[in-house]
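Report on the structure
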Amino acid sequence: MATLIVKVKDRELQRLPITKTVISIGREPANDLVIDNPTVSRFHVKVRYADRRFSVENVSSNNALLVNGVEVEKHPLRFGDILTLGKFEVEFSSLNDIHESKLIPVVEKPKDMVPTSIDETFHVPLKNLEGSAGEGPHRQPVPVPIEEKKKATTLFIVIGIVAVLAVAAVVLILLR
């Protein structure tokens, strides 16, 4: 089965077996493969299976998609290709043969059609092979590296201290 393997600095973070004809990748939880990092767009790319071939398309207007180091908007995929989204690499891998009959078809609306429901907006089927949308191990966000968590924690502490000092200054001014 075709699989997407998310890596950062050669460290594997997540695997997603491809079980549908369209897989969305981005930091928004509505994606099939969630990479929770600001270097990745909310809805960054889509991997499609059609006519017995896989392809990838950049759906982000702000962030680039690189395939094997070359920036592309749309590109056919071969096993072993490396997609680069921000600082993350997503390897397109094959663990076994593709069982086309097991892929769940996803029908996408033309871009000029106005969606009538949240399901149509994100093109996420209500059910997949592992349960309803939002369940299963493949829906977990990619963990944020410890260094980034430390930076965020430090930033929150600094903001908290500044807020306390500002409140203290206002209180002193009012008491005079």
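These remarks concern the structure in this document. Computed from a predicted structure; not experimentally measured.

**With respect to the sheet that holds strand 8 (residues 70–72)**
Read from one edge of the open sheet, six strands run 2-1-11-10-7-8, paired in antiparallel fashion. At either end of the open sheet lies a strand with only one pairing partner, and these are strand 2 (11–17) and strand 8. Across the sheet, the axes of successive neighbouring strands diverge by a mean angle of 30°, strand direction being ignored. Sheet analysis places strand 1 (residues 2–8) next to strand 11 (residues 88–94), joined by six bridges and oriented antiparallel. Among the inter-strand pairings, I5 is bridged to a residue of strand 11, identified as E91.

**A word on the pattern of salt bridges**
The final tally for this structure, using the stated rule, is five salt bridges. Where E28 meets R42, a salt bridge forms, and the shortest distance between an N and an O atom there is 3.1 Å. A residue pair is termed long-range when its members are at least 10 positions apart, and E28 in the loop between strand 3 (22–26) and strand 4 (33–34) and R42 in the loop between strand 4 and strand 5 (45–50) qualify at 14 residues. Between R48 and E57 there is a salt bridge whose closest N-O contact spans 2.5 Å. The class of E57 is buried, set by a relative accessible area of 13%.

**Considerations on the pairing of strand 5**
Regular strands place side chains that alternate from one sheet face to the opposite one. Two elements, strand 3 and strand 5, share four bridges in a ladder whose sense is antiparallel. Following the sheet pairing, S24 is matched in strand 5 by K46. Where strand 5 meets strand 6 (residues 53–58), six bridges bridge the pair, whose relative direction is antiparallel. Along strand 6, the bridge assignment pairs Y49 with F54. As consecutive antiparallel partners, strand 5 and strand 6 are separated by two residues, and within that stretch D51 has a phi angle of approximately 55°, a positive value.

**Some remarks on the packing of aromatic side chains**
Evaluation of the coordinates by the stated rule reveals three aromatic pairs. Centroid distance F54 to F92: 5.0 Å. Interplanar angle 65°. Geometry classified as edge-to-face. On the criterion of sequence distance, the pair formed by F54 in strand 6 and F92 in strand 11 is long-range, its members being 38 residues apart. Residue F92 is classed as buried on the basis of its relative accessible area of 1%. Judged by centre distance (4.9 Å) and plane angle (10°), the rings of F79 and F92 are stacked. Of this pair, F79 sits in the loop between strand 9 (74–77) and strand 10 (82–85) while F92 sits in strand 11, and the two are 13 residues apart along the sequence. For F79, a relative accessible area of 40% gives the class partly exposed.

**Quick word on the nonpolar core**
Core analysis: the biggest nonpolar cluster contains 26 residues, and L4, I25 and V47 have the highest contact counts within it. Contributing elements (two or more residues each) for this core: strand 1, strand 2, strand 3, strand 5, strand 6, strand 7 (65–67), strand 10 and strand 11. The biggest single contributor to this core is strand 1, with four residues. What I25 contacts, discounting residues up to four positions off in sequence, is L4, N31, L33, I35, F43, H44, V45, V47 and L85.

Rules used throughout
Residues numbered from 1 in each chain as written. Predicted model: local features only at pLDDT ≥ 70, side-chain atom pairs only at ≥ 80, totals over all residues. Heavy atoms only, no water. Pairing = 2+ DSSP bridges. Helix = DSSP H or I, 4+ residues; strand = E, 2+ residues; numbered from the N terminus. Axes fitted to C-alpha atoms, helices over the stretch in contact; angles between N-to-C directions. Salt bridge = Lys/Arg side-chain N within 4 Å of Asp/Glu carboxyl O. Buried < 20%, exposed > 50% of the residue type's maximum accessible area, 1.4 Å probe, protein only. Phe/Tyr/Trp six-rings, centres within 6.5 Å; stacked < 30°, edge-to-face > 60°. Core = buried A, V, L, I, M, F, W, Y, C linked by side-chain atoms within 4.5 Å. Contact = heavy atoms within 4.5 Å.

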